[in-house]
Amino acid sequence: MLASFLTYIRCELNFSAHTVSAYTHDLQQWADFATGGAPDNLRPHDVTANDLRLWIASLAKSGDAPRTIRRKIQALRAFFRYMMRYHGMSYNPAAELTLAKTDKPLPVYVRPNETDAILNAPLDTGDFNEMRNRLIVDMIYSTGLRCSEIQGLMDKDVDTARGELKVLGKRNKERIIPFGKELSDMITTYRKLRDGTVGSTCQNEFFVRESGEPLYRKLIYNVVHKALAGNTVASRQSPHVLRHSFATDMLNNGADLYAVQQLLGHQSLATTQVYTHITYRELKQNYQQAHPRALKKGGDYGR
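Residues numbered from 1 in each chain as written. Predicted model: local features only at pLDDT ≥ 70, side-chain atom pairs only at ≥ 80, totals over all residues. Heavy atoms only, no water.

### Overview of the side chain of Ser 184
Okay, step 1: On the secondary structure map, Ser 184 appears in helix α8 (residues 181–198).
Okay, step 2: The contact partners of Ser 184, leaving out residues within four places of it in the chain, are Thr 160 and Phe 179. (Helix = DSSP H or I, 4+ residues; strand = E, 2+ residues; numbered from the N terminus. Contact = heavy atoms within 4.5 Å.)

### Observations concerning the nonpolar core
Okay, step 1: Leu 135, Met 139, Phe 206 and Phe 207 are the most contacted members of the largest nonpolar core, which has 47 residues in total.
Okay, step 2: Looking at this core, the elements that each hand over two or more residues are α5 (112–119), α6 (128–143), α7 (147–152), β2 (164–168), α8, α9 (217–228), α10 (239–252) and α11 (257–264).
Okay, step 3: Among the elements that line this core, the one with the most residues is α6, at eight residues.
Okay, step 4: Discounting residues that sit within four places of it in the chain, Met 139 has contacts with Gly 144, Leu 145, Ile 150, Leu 153, Leu 165, Leu 183, Ile 187, Phe 206 and Phe 207.
Okay, step 5: Of all hydrophobic cores here, the second largest spans 30 residues; its members include Leu 2, Ile 9, Val 20 and Leu 97. (Core = buried A, V, L, I, M, F, W, Y, C linked by side-chain atoms within 4.5 Å. Buried < 20%, exposed > 50% of the residue type's maximum accessible area, 1.4 Å probe, protein only.)

### Side note on a negative patch on the surface
Okay, step 1: A cluster of like negative charges, contributed by Asp 124, Asp 127, Glu 130 and Glu 210, occupies part of the molecular surface.
Okay, step 2: As for its position among the elements, Asp 127 is in the loop between α5 and α6. (Patch = residues over 30% accessible without salt bridge, like charges linked within 9 Å, V, L, I, M, F, W, Y side chains within 5 Å. Areas by Shrake-Rupley, 256 points an atom, 1.4 Å probe, with all protein chains shown as cover. Salt bridge = Lys/Arg side-chain N within 4 Å of Asp/Glu carboxyl O. Lys, Arg positive; Asp, Glu negative; His and termini not counted. Charge placed at Lys NZ, Arg CZ, Asp CG, Glu CD.)

### Brief notes about the sheet that holds strand β3 (residues 174–178)
Okay, step 1: An order of β1-β2-β3 is seen for the three strands of this open sheet, with the pairing classed as antiparallel. In this open sheet, the two strands that pair with only one neighbour each are β1 (158–159) and β3.
Okay, step 2: As paired strands, β1 and β2 are joined by two bridges and run antiparallel to one another. Looking across to β2, one finds that Asp 159 is bridged to Glu 164. (Pairing = 2+ DSSP bridges.)

### Side note on the layout of surface pockets
Okay, step 1: Roughly 460 Å³ of volume is contained in the second largest pocket.
Okay, step 2: Taken together, 21 residues line the second largest pocket, and the ones lying closest to its centre are Ser 148, Gly 152, Leu 168, Gly 169 and Asn 172.
Okay, step 3: Those elements giving two or more residues to the lining of the second largest pocket turn out to be α7 and β2.
Okay, step 4: Examining the composition of the lining of the second largest pocket, we find that four residues originate from one element, α7, more than from any other.
Okay, step 5: Its residues assigned to classes, the lining of the second largest pocket comprises six nonpolar, seven polar and eight charged.
Okay, step 6: Summarising the domain contributions, the lining of the second largest pocket has at least three residues from each of domain 1 (1–87) and domain 2 (112–296). (1 Å grid on protein atoms, 1.4 Å probe; cavity = no way out; pocket = protein on both sides within 12 Å on 5 of 7 lines; lining within 4 Å. Points joined across faces, edges and corners; volume = space filled by probe spheres on them. Nonpolar A, V, L, I, M, F, W, Y, C, P; charged D, E, K, R; others polar. Domains from an automatic or database assignment.)

### Considerations on the packing of aromatic side chains
Okay, step 1: Inspection of the entire model under this criterion finds 13 aromatic pairs.
Okay, step 2: On the numbers, 5.1 Å between centres and 35° between planes, the contact of Tyr 8 with Tyr 82 is tilted. Of this pair, Tyr 8 sits in helix α1 (residues 2–11) while Tyr 82 sits in helix α4 (residues 66–86); the two residues are 74 residues apart in sequence, bridging distant segments of the chain.
Okay, step 3: According to the relative accessible area criterion, Tyr 82 is buried, its value standing at 8%.
Okay, step 4: A ring pair is formed by Phe 15 and Tyr 23, whose centres lie 6.2 Å apart and whose planes are at 75°; its orientation type is edge-to-face.
Okay, step 5: A residue is classified by how much of its surface remains accessible, and Phe 15, at 16% relative accessible area, is buried.
Okay, step 6: Under the relative-accessibility criterion, Tyr 23 is labelled buried at 10%.
Okay, step 7: A connected cluster of aromatic rings, assembled from ring pairs, spans Phe 5, Tyr 8, Trp 30, Phe 79, Phe 80, Tyr 82 and Tyr 86. (Phe/Tyr/Trp six-rings, centres within 6.5 Å; stacked < 30°, edge-to-face > 60°.)

### Side note on α6
Okay, step 1: Under the 1.5 Å per step criterion, the end-to-end length of α6 is 22 Å for 16 residues, consistent within 8% with the ideal 22 Å.
Okay, step 2: Judged by how many residues are buried, α6 sits mostly within the fold: twelve of 16 residues are covered.
Okay, step 3: Those residues of α6 lying buried are Phe 128, Met 131, Arg 132, Arg 134, Leu 135, Ile 136, Val 137, Asp 138, Met 139, Ile 140, Tyr 141 and Thr 143.
Okay, step 4: Its side-chain oxygen 3.1 Å from the backbone nitrogen of Asn 129, Asp 127 forms the N-cap of α6.
Okay, step 5: Phi turns positive one or two residues past the end of α6, at Gly 144, with a value near 75°. (Expected span 1.5 Å × (residues − 1). Polar contact = N/O pair within 3.5 Å; in protein donor to acceptor, adjacent residues only side chain to side chain.)

### Concerning the pattern of salt bridges
Okay, step 1: Counted according to the given criterion, the structure contains 13 salt bridges.
Okay, step 2: Here Asp 155 makes a salt bridge to Arg 191, at a shortest N to O gap of 3.1 Å. Residue Asp 155 is located in the loop between α7 and β1, and its partner Arg 191 is located in helix α8; the two are separated by 36 residues in the primary sequence.
Okay, step 3: Between Arg 194 and Asp 155 there is a salt bridge whose closest N-O contact spans 2.8 Å. Here Arg 194 is found in helix α8, whereas its partner Asp 155 is found in the loop between α7 and β1, with 39 residues between them in sequence. As far as burial versus exposure is concerned, Arg 194 and Asp 155 are alike and both buried.
Okay, step 4: Where salt bridges share partners, they join Asp 155, Arg 191, Arg 194 and Asp 195 into one cluster.

Structure, rendered in C-alpha cells:
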C-alpha cells in the first residue's frame, strides 16, 4: 500500500522529489512503529485516530520539532485520503489529528553587498568546475530557481538570444524566467567550456559534471554553501537562501509582488508575501538608524 501511494504522488500528483522523499521516510517510520518493526503486517483499514496519536506523542517525546511533526501528520493525511479514494476506506483517521503549531520565522537572505562581493570575486574562466560553480550561484540569485530546478534544467530550455529560460517546477508547472546580458554572457562562456571539456556529444542537462553526468542535489548544495561560507552574515548558506535573496532584492527594488510570485513559481500569493515582511523590517531598521527623532536620546520627553 505504501509503495503504491508513493508512486501515486510521484507520478500522478507530480509531487516534488523532495516531498516524495520526506513522505517516504515519514510513512516508513510510522509503519515500523505501528507494526513493531514488521511493516509488511501493516493493516491501514484497522488504524484509528488514537493509534496515530500514540505515534505523534512518541515523536514529541523523542524531541521532534513541531514543524517536523506537522509534516508527518500531513503525510498521514495524504496517505489515508489515497486509501479512501482507491482502497475503500470509509474515513480518514489522520483528519482528526491536530496540526502542531509552528513559528513562522522570516526567510534568511544574503545582503546585496555580500552577493555583489561573491559574484564579482576573481574567476578563472578556463577552469570548468570553477566556471560552472560560479554560474550555479549566479543563476540561482539572478532567477530564483530552486535547487531541484537547477538540477533538472535542460540545455534546450536556456535561450541566450531571448534572454530567458524555461523551468519545470513543482508539480510539473512550467514557467518562463527572463535574465540579463551579464548572465547571458556567462552562460555562453560556460557552454563553450563545457562542450570542450565534456566532448562533442550533445548534453540534455544544462549543468553537468566533468564526466558529462548530471549534477546531484548534494553537489549543488555544496557548491552554494562553499561560495557563501565566510562571505555572509546569513545564518544559513544554502541554495534556498539565494532564492530568498532573489525575492527580497526584487521587492526592495520596486518589483511588483505578483510578478515576483510568478518568477518564483509560487502557487499562492500568500507564500510570496512573507518577503514583504523582510522589506518592512529593513525599512524600519533604516528609519530607526537614520531619523533624528526615531530614538529618544538623553531621557524621556515631557519631564
